[in-house]
Structures are given as C-alpha cells and as structure tokens.
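Below are the chains, spelled out letter by letter.
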Amino acid sequence: MISKENYIIAYFIDNARKNIEILLKGDKKVYSHIMEYDTKHPDCQELLKVCTLDQLHENTHTRLQEQKREFEATAMGIAKKSGILFDEKKVGTKFYPVLVKAIFNDVENEDHLFALKLALFEVEKIRNSKDNESKKKLRQAKNKIEVLKIAFDLMS
Amino acid sequence: MNIVCTGKPGDGLLRYSYEHCCYLNSVGIKSQVVIIPNPKHTKEDYIKAIKDQYTTYENIVFNHYTPATDELTLVLGRSMITLAYLDKHNYTKDQLLTLHLLFSNNVIALYSENHPKEYPLALKYFKTKKVYDLCDHEVYPNGVGTQYEKIINFEVYKPVKDDIQFRYLFLGTNEIYYKELEKVIDKYPDHGIITYNEKWINPKLNNLFAPISNILGKFETYVYTKPNFDPAPRLFVEFKWLGKKIEYLRDKNIKDGGMVYWNRPVPTKQIYSANINILIELKRAINEKYKIF
C-alpha cells in the first residue's frame with residue numbers, strides 16, 4: 001500500500017526507465033520496494049497518485065547526479081591514496097619520482113612543453129623579470145631541460 | 001595597455017583596436033595591438049589592412065608577447081576572447097601561450113553578445129584575473145558595464161582620394177550579407193560588392209575582393225543592407241564623415257547599432273576624446289587599485 005503517509009521517494013533504476021525503486025516508511029525502518037512501471041498495475045497507479053511521472057524523472061536525475069559525485073569523490077580518493085593523482089596542496093614523497101619522469105622522458109613533447117612554459121610563466125618572478133632575452137629564450141626553448149635551465153637562471 | 005585582436009583583417013574590431021592604440025599612445029599611455037592572426041589569414045593581410053587605411057603603422061606585434069602580470073589587456077569586444085578559446089586547437093603553441101598570458105591578466109572588455117554560452121567558458125579556460133566591463137547600452141540595453149561607445153578615430157585616417165569607379169557600394173563579406181544584397185542588386189547596375197573569393201558569390205556581379213585600397217574613394221553611395229545584428233557599423237559612418245550618400249536599405253526595426261549609429265553625430269575630435277577618457281579613467285582606477293604606476 002503506497003500512500004502520502006508512508007512515501008519517501010521513488011526513482012527509476014534502469015536506463016530503459018521501466019523499473020522503479022520506491023522507499024517507504026515502516027515501523028522505525030525504511031523499506032525498499034521494486035516494481036515495474038506499468039500504469040495498469042494497481043501499485044503503480046497508487047504511486048502515481050503521490051509522485052507524478054515528471055517527479056519520478058526528476059528524482060532519477062538527482063539520484064544519478066549524486067551517485068556520479070559520490071563515485072568521482074571515491075575515485076579521486078583512491079587515486080590520491082595510490083599515488084596516481086596528486087593533491088596540489090600536499091606534495092608527498094611519491095610526487096618526486098613522477099616529477100623526474102615527467103622532466104626526463106619525452107623531453108620534446110609539445111603539449112608537455114606548453115604546459116611547462118605556461119606554469120613557469122605563472123611564477124611572478126619569471127613573468128615580471130626584466131631579463132627579456134631570457135624570457136624570449138624560455139618561450140623558444142625546444143625541450144624541457146632547456147626550459148628549466150632558463151627558468152632556474154631567471155629565479156636565481 | 002595590450003589591445004588584443006583575434007579577429008579577421010577585414011573586421012571592424014581590428015580597426016577600432018588600432019585606432020584606440022594610436023590615441024592612447026598620443027596621450028602618453030604606452031599601448032600596443034597584439035594580433036594573433038586568424039588561422040585562415042596571414043600576418044601580411046593585417047599589415048596591408050592597417051597600412052591601406054592609416055597614416056601610421058606602429059605599435060603592432062604579432063603572435064609573441066610576454067606581458068608582465070601588472071599589464072592591462074583591452075579587448076574591443078568579448079568575442080576577441082571567445083574566438084581565441086574556440087580556435088585554440090588551430091593556433092601554434094606560441095600563439096596560445098601569448099593568449100594565455102594576456103588573458104590571465106586583468107582585462108577590460110567591451111560588452112558584446114556573440115557567444116553568450118562560450119564566453120564564461122573562455123574566461124575560465126584563460127583563468128582571467130578580473131574583467132572590467134564597458135558597454136554601449138544603447139546597442140545592448142541588457143548589457144553590463146560602464147557606458148562606452150566604439151567611435152572611429154578619423155584623426156589617423158589616410159586622406160581619401162576621390163577615384164569613383166562605381167556608384168553604389170555593397171558589403172558582401174559573408175554569405176548572409178551576400179544573399180541579402182542579391183535581393184536588391186538588380187536595381188543598382190552600377191555597383192561594386194566588397195567580398196571574398198568564396199563559393200557563395202555570384203560571378204556575374206561586380207565582385208571586388210578585400211582588402212581594397214582607398215575603398216572610400218571608389219564609390220559615391222553606400223547601400224547599407226546588413227540583415228543581421230550590427231553592433232558598431234563603420235562604413236556608413238565613414239560615408240557620412242566624407243559627406244557621401246548612404247541608403248539605409250534594411251529593416252529599421254532591427255534593434256542594434258544600425259539605427260543607434262545612424263542617429264549619432266559624425267565623430268569629432270572632442271567626441272572621440274570625451275568617450276575614450278572613460279577608458280583612460282577606468283585604467284587609472286585599476287592601476288590605483290593594484291598600485292601600478
């Protein structure tokens with residue numbers, strides 16, 4: 001029996017949107033009830049009296065968004081913990097082997113070079129240096145080691 | 001001040017940018033136009049466009065520039081930032097680096113509505129520090145920013161040589177403009193159409209391929225037919241300035257710069273400086289805020 005009194009929420013649980021999960025209040029418990037979306041079925045008819053089809057779709061969308069956020073947060077947590085991803089605010093020891101690989105492997109990779117130059121020019125001391133010749137050389141440098149050498153000179 | 005132009009060599013925004021640059025330098029505000037050529041055009045196209053029209057060619061840099069963090073960036077239309085964002089995969093890495101460095105500083109931007117969805121994405125992409133808006137509220141009633149008009153700086157124009165070759169001038173620089181002028185062109189047999197050598201042009205008509213030297217001197221009358229939103233028309237203002245005839249051959253109910261500029265006086269030196277002083281005052285206030293002297 002589905003009524004306004006015991007209804008909590010309902011949403012579709014499959015991509016085809018044929019099956020619905022309904023959460024209902026019981027004696028100090030919440031009960032999950034799965035049913036087919038079939039407007040001829042009395043249970044479905046009862047549900048549609050307390051929750052419209054539009055509302056069902058909206059609840060489904062909200063739930064999927066929440067699930068996505070939860071999944072992303074979990075994945076990020078695992079990635080950071082295992083060293084696949086770094087926390088920008090907390091550089092740990094696992095960061096350094098990756099940094100070394102990033103510098104010494106694939107030294108002429110254009111995308112890497114671009115990202116490295118951009119990051120270096122975000123350093124105020126480099127960006128605002130009056131040594132225009134070195135800044136020009138940094139822009140024109142063709143590999144990561146050359147870029148870093150010039151950057152270190154500008155910083156010292 | 002770095003005035004960034006990512007538009008095409010035929011665009012009004014390139015001209016407004018260069019004219020701003022000339023005025024700002026003339027009053028002691030060191031400025032330059034930084035042009036990142038549209039991937040379909042060359043540096044030479046831009047140089048020709050400027051040299052054809054103005055008495056000077058100075059303070060223009062192409063592609064490579066590394067601004068300090070306290071340098072201000074000016075764009076004469078938001079589209080200069082959005083186009084750069086949309087074209088990001090077609091630029092060289094060095095062009096993209098210049099754009100990142102210029103647009104991550106404080107930016108003064110003239111309000112426009114070309115890409116309302118993409119503009120915020122562009123700002124996010126370039127990590128723009130802060131945008132200070134200027135807006136022509138007569139053209140954009142729902143725009144944001146301090147009132148500011150785009151005005152032609154006729155002081156820097158080359159003298160126009162009278163060399164009439166056609167009676168009527170039509171602008172057909174894109175397919176939409178071209179289709180529109182084709183509806184009326186048979187009534188103007190002595191016409192010249194400024195356009196590009198594209199597949200949508202009609203070879204039976206008198207097509208003149210841009211850029212065209214001394215364009216203002218070659219026609220008697222400008223027939224204004226632009227069917228879509230025109231924020232800051234230049235050609236009919238130029239014709240008015242020269243005392244030439246203009247036929248306003250478009251729907252007068254279109255709410256854009258067409259009617260607004262039609263009703264404005266021909267810009268004088270005073271009108272120009274009164275308007276640009278709004279920008280100069282804004283620059284001063286920003287410098288004051290960030291203690292830049």
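All values reported here derive from a predicted model rather than from experimental measurement. (Residues numbered from 1 in each chain as written. Chains lettered and ligands numbered in written order. Predicted model: local features only at pLDDT ≥ 70, side-chain atom pairs only at ≥ 80, totals over all residues.)

### Quick word on the overall build of chain B
Secondary structure assignment for chain B yields nine helices and twelve strands. Relative to the 2.2 N^0.38 estimate, which gives 19 Å for 293 residues, the radius of gyration of chain B is 19 Å and therefore close to what a compact globule would have. C-alpha extents for chain B along the principal axes are approximately 60 × 40 × 35 Å. Once local pairs closer than 6 in sequence are excluded, the contacts in chain B between residues at least 24 apart make up 72%. (Helix = DSSP H or I, 4+ residues; strand = E, 2+ residues; numbered from the N terminus. Rg over C-alpha atoms; globule rule 2.2 N^0.38 Å. Contact = placed C-beta atoms within 7 Å.)

### Some thoughts on the domain arrangement of chain A
Each assigned domain of chain A is listed here: domain 1 (7-80) and domain 2 (95-155). Summarising the inter-unit geometry, the C-alpha centres of domain 1 of chain A and domain 2 of chain A are found 51 Å apart. (Domains from an automatic or database assignment.)

### Observations regarding helix α7 (residues 144-155) of chain A
All names here are of chain A. The end-to-end C-alpha separation of α7 is 16 Å, in line with the 16 Å expected for twelve residues at 1.5 Å each. Turning to α7, its buried residues are K144, V147, I150 and A151. Projection of α7 onto a plane perpendicular to its axis shows the buried side chains occupying an angular sector of 130°, all on one side. Packing partners of the buried residues in α7 comprise α3 (95-104), α4 (110-121), α5 (124-127) and α6 (132-140). (Expected span 1.5 Å × (residues − 1). Buried ≥ 20, exposed ≤ 12 C-beta atoms within 10 Å, placed from the backbone. Arc of directions from axis to C-beta.)

### Comments concerning helix α5 (residues 118-126) of chain B
Residue and element names in this part refer to chain B. Within α5, burial applies to A122, L123 and F126. In an axial view of α5, the angular spread of the buried residues amounts to 100°, which keeps them on one side of the axis. Structural note: α5 exposes P120 and K124 on the side pointing more than 90 degrees away from its buried face. Taken together, the buried residues of α5 touch α3 (79-86), α4 (93-103) and β6 (131-135). Immediately downstream of α5, the backbone of K127 shows phi near 55°, a positive value.

### Some thoughts on the sheet that holds strand β8 (residues 166-171) of chain B
All names here are of chain B. Strand order in the open sheet formed by five strands is β10-β9-β8-β11-β12, with parallel pairing between adjacent strands. Among the strands making up the open sheet, the edge pair consists of β10 (207-209) and β12 (245-248). The average undirected angle you get between the axes of adjacent strands in this sheet is 30°. The sheet contact formed by strand β9 (residues 191-195) and β10 spans three bridges and is parallel. Bridge pairing in β10 links I193 to N207. (Pairing = 2+ DSSP bridges. Axes fitted to C-alpha atoms, helices over the stretch in contact; angles between N-to-C directions.)

### Quick notes on the packing of α4 of chain A against α4 of chain B
Viewed as axis vectors pointing N to C, α4 of chain A and α4 of chain B meet at an angle of 25°, and their least axial separation amounts to 11 Å. As the angle between them shows, α4 of chain A and α4 of chain B are arranged roughly parallel. Read as a crossing pair, α4 of chain A and α4 of chain B show a hand that is right-handed. For the pair α4 of chain A and α4 of chain B, contact is made by E110, F114, K117, L118 and F121 of chain A and by K93, L96, L97, H100 and L101 of chain B, respectively. Split into classes, the residues belonging to the contact of α4 of chain A with α4 of chain B amount to six nonpolar, one polar and three charged. (Parallel < 35°, antiparallel > 145°, perpendicular 65-115°, else oblique. Left-handed = near helix turned anticlockwise from the far one by under 90°. Nonpolar A, V, L, I, M, F, W, Y, C, P; charged D, E, K, R; others polar.)

### Let's talk about the environment of N15 of chain A
As for its placement among the helices and strands, N15 of chain A is situated in the loop between β1 (7-12) and β2 (19-25). Between the C-alpha atom of N15 of chain A and that of S82 of chain A, which follows or precedes it by 67 residues, the distance is 32 Å.

### A few points about unusual backbone geometry
In this structure, R17 of chain A is a non-glycine residue whose phi angle is positive, near 55°. One can find R17 of chain A in the loop between β1 and β2. Located in the positive-phi region is K127 of chain B, a residue other than glycine, with phi close to 55°. Within the secondary structure, K127 of chain B is located in the loop between α5 and β6. Residue K127 of chain B is classed as exposed on the basis of its C-beta count, with 12 C-beta atoms lying within 10 Å.

### Some details on the sheet that holds strand β7 (residues 146-147) of chain B
Residues and elements named next belong to chain B. Pairing within the open sheet is parallel, and its seven strands lie in the order β3-β2-β1-β4-β5-β6-β7. Looking along the sheet, the strands with just one partner apiece sit at the ends: β3 (60-62) and β7. Of the strand pairs in this sheet, strand β2 (residues 32-35) and β3 are connected by three bridges, and their pairing is parallel. By the bridge assignment for β3, V33 is matched with I60.

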